[in-house]
Amino acid sequence: MNNGLEKQKIREILERKLSKDLSYDSGYILGSMCTDAHEFGQEIYAKYVSKNLGDPGLFLGTAELEEEVVEEIGELFNGKKIGGSFTTGGSEANLIAMRIAKKLKPNIDRPEIVLPISAHRSFDKAADLLGIKLRKAKLNDDYSLDLEHFESLINKNTCGAVGIAGTTSLGLVDPIEDIGNMIRDRDLFFHVDAAFGGFVLPFLKESQLKIKNWDFSVKEVNSITADPHKMGMGVIPSGGIFIRESETIIQKAGFEIPYLAGGNFKHLHIVGTRPGGTVIAFWALMKYLGFSGFKKIIDDCMKNTRYIAQKIEDIDGIKLATEPVMNVVGITTENGESICELDEELRKFNWMLGKFLKFNLIRIVIMPHVRKEHLQKFSADLCTVVERLKLK
Ligand code: 0PR
């Protein structure tokens, strides 16, 4: 360690070292579910960066803001008096939900959870950490959930079921109502992973009537993951777990932390010290943008989504894996050839996409930082690469 450098010198070093990073603004980050945090959120976050919700008794104002913003998001998801909290991301939120499912069924020795095979890797992590067995339901040829197979996986060891509202690979929405009906009399904890879709679906309602109920309007749904740091444009890290009848759940499954400076407190978190600044920033962003502000951002993303989807359809040799429901687009080959080479070649042009070998597709996520001119450039390169690979 040195004896201290000038701030300006440090800034220069940082600029140089960080010049290796891609910027969202470059447009090359086409396969990420993150984006630049909204500038108003950044401003608020910088001011309140030291707030610690790990000891809410010391930060009563911040804790109240969290309750408010959680309830407001719960209302956006058609719930009343929804509790829960911000997390480090969707992975922690899903881990918390899986832990609740296990804790509510203490009599099951070998707990199992039924979920679609398209579920995010965070469920595998949660299962590993919690000693839960995952039972993964197949998808149909059109990537929709095979409900019959899902039901066949439920047995006496099942403690929970998971549906996804916005899959990582294609942004598809599972039939949450049908799963709800299926498990109605089975007393299972039902969790919906809307880490990505949570801040898209509520704003698509008027334009895309075909989207079925996926949120707390389905009365069997007990909890929802939805991440402000994805389509909410919140500051990283901002995930969220939203829970129906959360007080009862905290009483049954919460960790008691009796020694905190701010006083006794029971919570469901994996982490102790927890950012308050990100929560305050998102509270402020929701007030600032309001429903119409978010809707405008989503509308723009959907316009760009339709634009690139059409471009892909027009290129011989590749096709859309499925019609996009939200701002996630999957590209696959027309003749069933592996997608790997296409991904590699696009990387040579600097395009950073997600590759899903399980479904032989590459994924583009049309986040708010993706502009039409980026997509024009991308589709021209895509055309060149497809021709070069002779995928036709
Ligand atoms: N649930 C779903 C449906 C997700 O898509 C993700 C992440 C998670 C849970 C986990 O969220 P955290 O990453 O916040 O824990 N989905 C993205 C993905 O795997 C995460 C991501 C984001 C990956 C930005 C790359 C990237 O550049 O694609």
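Quick word on unusual backbone geometry
Stage number 1. The omega torsion of the bond from Ile-236 to Pro-237 falls at 0 degrees, within 30 degrees of zero and hence cis.
Stage number 2. Even without glycine at this site, Tyr-143 takes up a positive phi of about 70 degrees.
Stage number 3. Within the secondary structure, Tyr-143 is located in the loop between β3 (133-137) and α6 (147-152).
Stage number 4. Owing to a relative accessible area of 17%, Tyr-143 belongs among the buried residues under this scheme.
Stage number 5. Unlike most non-glycine residues, Met-233 shows phi in positive territory, near 60 degrees.
Stage number 6. Within the secondary structure, Met-233 is located in the loop between β6 (223-225) and β7 (239-243).

Regarding the domain arrangement of the chain
Stage number 1. You can read the domains of the chain as domain 1 (12-38 + 291-388) and domain 2 (39-287).
Stage number 2. When residues of domain 1 are sorted by the area they lose upon contact with domain 2, His-38, Phe-294 and Met-326 head the list and together hold 26% of the total.
Stage number 3. Connecting domain 1 to domain 2 are zero salt bridges.
Stage number 4. Counting across the domain 1 and domain 2 interface gives eight residue pairs in polar contact (both at pLDDT 80 or more).
Stage number 5. For the side of domain 1 that touches domain 2, the secondary-structure elements that each account for two or more residues are α9 (277-314), β11 (328-333) and β13 (361-365).
Stage number 6. It is α9 that provides the largest number of residues to the side of domain 1 that touches domain 2, a total of eight residues.
Stage number 7. Its residues assigned to classes, the side of domain 1 that touches domain 2 comprises 19 nonpolar, five polar and five charged.

A look at the pairing of strand β5 (residues 189-193)
Stage number 1. By the criterion of burial, β5 is predominantly enclosed, with five of the five residues buried.
Stage number 2. Burial along β5 is two-sided: Phe-189, His-191 and Asp-193 and Phe-190 and Val-192, pointing in opposite directions, are all buried.
Stage number 3. Where strand β4 (residues 158-164) lies against β5, five bridges are found, and the strand directions are parallel. Looking at the pairing, Gly-163 lines up with Val-192 of β5.
Stage number 4. Between the parallel elements β4 and β5, the chain passes through helix α7 (residues 176-183) in a crossover that is right-handed.

Comments concerning the site of the ligand
Stage number 1. Close contacts around the ligand come from 17 residues, with Ser-91, Thr-168, Asp-193, His-229 and Lys-230 the closest.
Stage number 2. A distance of 3.2 Å separates an oxygen atom of the ligand from a polar side-chain atom of His-120.
Stage number 3. Expressed as a share of its isolated accessible area of 590 Å², the protein-covered part of the ligand is 74%.
Stage number 4. Ranked by residue count, the leading element in the shell around the ligand is helix α4 (residues 90-103), at three residues.
Stage number 5. Looking at which domains feed residues into the shell around the ligand, each of domain 1 (12-38 + 291-388) and domain 2 (39-287) supplies at least three.

Quick notes on the sheet that holds β11
Stage number 1. Here four strands make up an open sheet; going across it, the order is β10-β11-β13-β12 and the pairing antiparallel. The open sheet is flanked by β10 (318-320) and β12 (354-356), the only strands paired with a single partner. Ignoring strand direction, the axes of neighbouring strands in this sheet form an average angle of 30 degrees.
Stage number 2. Where β12 lies against β13, three bridges are found, and the strand directions are antiparallel. Counted as the bridge partner of Lys-355 is Ile-362 from β13.
Stage number 3. This element, α9, spans β10, β11 and β13 of the sheet and lies at about 145 degrees to β10.
Stage number 4. Where helix α10 (residues 340-348) meets the sheet, it contacts β10, β11, β12 and β13, and its direction lies at approximately 45 degrees from that of β13.

Re a nonpolar patch on the surface
Stage number 1. Taken together, the side chains of Leu-5, Ile-10, Leu-14 and Leu-18 present a nonpolar region at the surface, about 340 Å² in accessible area.
Stage number 2. For Leu-18, a relative accessible area of 48% gives the class partly exposed.

A closer look at the nonpolar core
Stage number 1. If you look at the biggest cluster of nonpolar residues, it comprises 64 residues, and the most contacted ones within it are Ile-73, Phe-77, Phe-196, Trp-214, Ile-224 and Phe-282.
Stage number 2. Looking at this core, the elements with two or more residues in it are α3 (60-76), α7, β5, α9 and β13.
Stage number 3. Discounting chain neighbours no more than four positions away, the residues touching Ile-224 are Phe-77, His-191, Val-192, Ala-194, Trp-214, Asp-215, Phe-216, Gly-240, Ile-241 and Phe-242.

A short note on the pairing of strand β2 (residues 112-116)
Stage number 1. With five of its five residues buried, β2 lies for the most part within the structure.
Stage number 2. Because side chains alternate across β2, one face comprises the buried residues Glu-112, Val-114 and Pro-116, and the other comprises Ile-113 and Leu-115, equally buried.
Stage number 3. Handedness of the crossover joining β2 and β3 through helix α5 (residues 122-130): right-handed.
Stage number 4. The sheet contact formed by β2 and β4 spans three bridges and is parallel. When the bridges of β4 are listed, Val-114 appears paired with Ala-161.

Considerations on the pattern of salt bridges
Stage number 1. Enumeration according to the criterion identifies 20 salt bridges in this entry.
Stage number 2. Salt-bridge contacts for Arg-274 lead to Glu-66; the nearest nitrogen and oxygen are separated by 2.9 Å. Taken together, the residues Arg-274 in the loop between β9 (265-267) and α9 and Glu-66 in helix α3 connect sequence positions 208 residues apart.
Stage number 3. Judged by relative accessible area, Arg-274 falls into the buried class, the value being 6%.
Stage number 4. Between Arg-121 and Asp-124 there is a salt bridge, with its nearest N and O atoms 3.4 Å apart.
Stage number 5. For Arg-121, a relative accessible area of 59% gives the class exposed.
Stage number 6. Three or more residues joined by partner-sharing salt bridges are found here, namely Asp-25, Arg-371 and Glu-373.

What counts and what doesn't
- Residues numbered from 1 in each chain as written.
- Predicted model: local features only at pLDDT ≥ 70, side-chain atom pairs only at ≥ 80, totals over all residues.
- Heavy atoms only, no water.
- Helix = DSSP H or I, 4+ residues; strand = E, 2+ residues; numbered from the N terminus.
- Buried < 20%, exposed > 50% of the residue type's maximum accessible area, 1.4 Å probe, protein only.
- Domains from an automatic or database assignment.
- Buried area = accessible area lost by both parts, 1.4 Å probe.
- Salt bridge = Lys/Arg side-chain N within 4 Å of Asp/Glu carboxyl O.
- Polar contact = N/O pair within 3.5 Å; in protein donor to acceptor, adjacent residues only side chain to side chain.
- Nonpolar A, V, L, I, M, F, W, Y, C, P; charged D, E, K, R; others polar.
- Pairing = 2+ DSSP bridges.
- Right-handed = clockwise from strand over helix to strand, strands pointing away.
- Near = heavy atom within 4 Å.
- Areas by Shrake-Rupley, 256 points an atom, 1.4 Å probe, with all protein chains shown as cover.
- Axes fitted to C-alpha atoms, helices over the stretch in contact; angles between N-to-C directions.
- Contact = heavy atoms within 4.5 Å.
- Patch = residues over 30% accessible without salt bridge, like charges linked within 9 Å, V, L, I, M, F, W, Y side chains within 5 Å.
- Core = buried A, V, L, I, M, F, W, Y, C linked by side-chain atoms within 4.5 Å.

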